[in-house]
Amino acid sequence: MPTILLLGGTTEASALAARLAARGDPTVLSYAGRVASPRAQPVPVRIGGFGGVGGLITYLKEHRVTHLIDATHPFAAQMHRHAVDAAAQAGAAHVALTRPAWTPVAGDRWQRVADISGAVAALAGPPQRVMLALGRMHVDAFAQQPQHDYLLRFVDTPDRPPPLPRYRLVVDRGPFDAAGDTRLMRDHATDLVVCKNAGGSGAAAKLVAARTLGLPVIMIDRPPLPARHAVDTVDAVLDWLDHGADRGV
């Protein structure tokens with residue numbers, strides 16, 4: 001029987017944890033600790049970092065982990081790299097569960113940028129009402145464009161106010177729907193949306209709302225990722241677990 005470490009924090013990780021629990025596969029779900037009250041899970045949970053790739057290697061060895069499943073956010077680039085390196089050095093099989101990236105469809109008005117710095121630079125110009133659909137991690141960077149009126153949506157109330165002269169903060173937990181996001185943007189009289197290309201269906205409501213309202217979107221591309229075995233469905237992960245010849249390839 002495998003011993004599994006599941007790196008989570010996404011909807012897909014929670015769905016996989018439920019399936020693994022139903023199968024009886026020994027699994028620990030690891031959160032980075034960025035959310036104060038993560039959802040209850042049907043498997044044991046650990047919260048906090050590992051102390052770099054060396055700490056992750058130590059954890060894998062000490063807990064005799066046979067299978068490492070990386071289901072972290074597509075933008076968790078450092079964690080993705082650490083998972084690949086640690087699995088190889090600890091002798092654990094490794095797979096990534098990731099979401100296909102979004103692609104624009106008819107009616108979308110995207111401006112693609114490479115990273116957060118590119119998004120900040122793209123906001124140069126006259127004041128606008130901007131929805132920062134990024135969570136709380138990168139909000140401070142937008143203090144470089146203080147002329148705008150920002151709409152923020154966080155999972156938790158922040159420990160300190162964001163360093164923005166004008167903002168509205170909504171504390172709420174997804175998944176969100178297109179009708180609700182359309183209403184939110186209308187209420188804020190939003191002119192522009194900034195978001196990461198997280199992919200998947202759970203976070204796409206803001207894109208549908210922007211399309212419905214004819215709003216431009218500054219879309220931040222995903223960071224470069226290491227070469228790895230990756231799948232995009234929970235069923236594919238379970239199939240990988242059940243076919244030893246394919247593990248880690």
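Before reading on, note that the structure itself is shown above.
The structure displayed is predicted, hence computed values, not measured ones.

(A) Structural context of the environment of Ala-13. Counting through the fold element by element, Ala-13 comes out in helix H1 (residues 11-23). What makes Ala-13 buried here is its relative accessible area of 1%. Along the sequence, Ala-13 and Ser-30 sit 17 residues apart, while their C-alpha atoms lie 9.8 Å from each other. Contacts of Ala-13, omitting those with residues within four sequence positions, involve Leu-6, Leu-7, Gly-8, Leu-29 and Ala-71.

(B) Focus on the sheet that holds strand S10 (residues 192-196). Spatial ordering of the open sheet is given by S6-S11-S10-S7-S8-S9, a layout of six strands whose pairing is parallel. Only two strands of the sheet have a single neighbouring strand rather than two, namely strand S6 (110-113) and strand S9 (167-171). Neighbour-to-neighbour, the strand axes of this sheet turn through a mean angle of 20 degrees, independent of strand direction. In this sheet, S10 lies alongside strand S7 (residues 129-133) in parallel orientation, the contact comprising four bridges. Counterpart to Met-131 in the pairing with S10 is Val-193. Along the sheet, helix H5 (residues 178-188) makes contact with S7, strand S8 (149-154), S9 and S10, crossing S8 at roughly 150 degrees.

(C) Just unusual backbone geometry, in detail. Backbone geometry places Arg-64, a non-glycine residue, at a positive phi of 50 degrees. One can find Arg-64 in the loop between helix H2 (52-62) and strand S4 (67-70). Not every positive phi belongs to a glycine, and Ala-189 is a case in point at roughly 55 degrees. Examined against the element boundaries, Ala-189 turns out to sit in the loop between H5 and S10. Among the residues examined, Ala-189 registers a relative accessible area of 40% and is labelled partly exposed.

(D) How the structure looks around the sheet that holds strand S5 (residues 93-97). What the six strands build is an open sheet, ordered S3-S2-S1-S4-S5-S12; its pairing is parallel. The sheet terminates laterally at strand S3 (45-47) and strand S12 (230-231), the two strands that pair on one side only. With two bridges joining them, S5 and S12 adopt parallel strand pairing. If you follow Ala-96 over to S12, its bridge partner there is Ala-230. In this fold H1 packs onto strand S1 (4-7), strand S2 (27-31), S4 and S5, with an angle of close to 155 degrees to the strand it touches most, S1. The strands that H2 touches are S1, S2, S3 and S4; relative to S1, the one it contacts most, it runs at about 150 degrees.

(E) Summary view of H5. Buried within H5 are the following residues: Asp-181, Thr-182, Leu-184, Met-185 and His-188. Seen end-on, H5 carries its buried residues on one side only, within an arc spanning 160 degrees. Residues of H5 that are exposed and point more than 90 degrees away from the buried face comprise Arg-183, Arg-186 and Asp-187. Buried residues along H5 sit against S7, S8, S9, S10 and helix H6 (205-213). Once H5 finishes, Ala-189 follows within two positions and takes phi at roughly 55 degrees, a positive value.

(F) Layout of the packing of aromatic side chains. Counting across every chain of the model gives two aromatic pairs. Summarising the aromatic geometry, the rings of Phe-50 and Tyr-59 are spaced 5.4 Å apart at their centres and angled 70 degrees between planes, so their arrangement reads as edge-to-face. For the pair shown, Phe-50 and Tyr-59 are each scored as buried. Judged by centre distance (6.4 Å) and plane angle (65 degrees), the rings of Phe-142 and Tyr-150 are edge-to-face. Like Tyr-150, Phe-142 is buried. A cation sits over an aromatic face here: Arg-46 above Tyr-59, 5.4 Å from the ring centre. A cation over an aromatic ring shows up here: Arg-153 above the ring of Phe-176, its NZ or CZ 3.6 Å from the ring centre.

Calculation rules
Residues numbered from 1 in each chain as written. Predicted model: local features only at pLDDT ≥ 70, side-chain atom pairs only at ≥ 80, totals over all residues. Heavy atoms only, no water. Helix = DSSP H or I, 4+ residues; strand = E, 2+ residues; numbered from the N terminus. Buried < 20%, exposed > 50% of the residue type's maximum accessible area, 1.4 Å probe, protein only. Contact = heavy atoms within 4.5 Å. Pairing = 2+ DSSP bridges. Axes fitted to C-alpha atoms, helices over the stretch in contact; angles between N-to-C directions. Arc of directions from axis to C-beta. Phe/Tyr/Trp six-rings, centres within 6.5 Å; stacked < 30°, edge-to-face > 60°. Lys NZ or Arg CZ within 6 Å of the ring centre and 35° of its normal.

The quantities given are spatial measurements derived from coordinates; they are silent on function.
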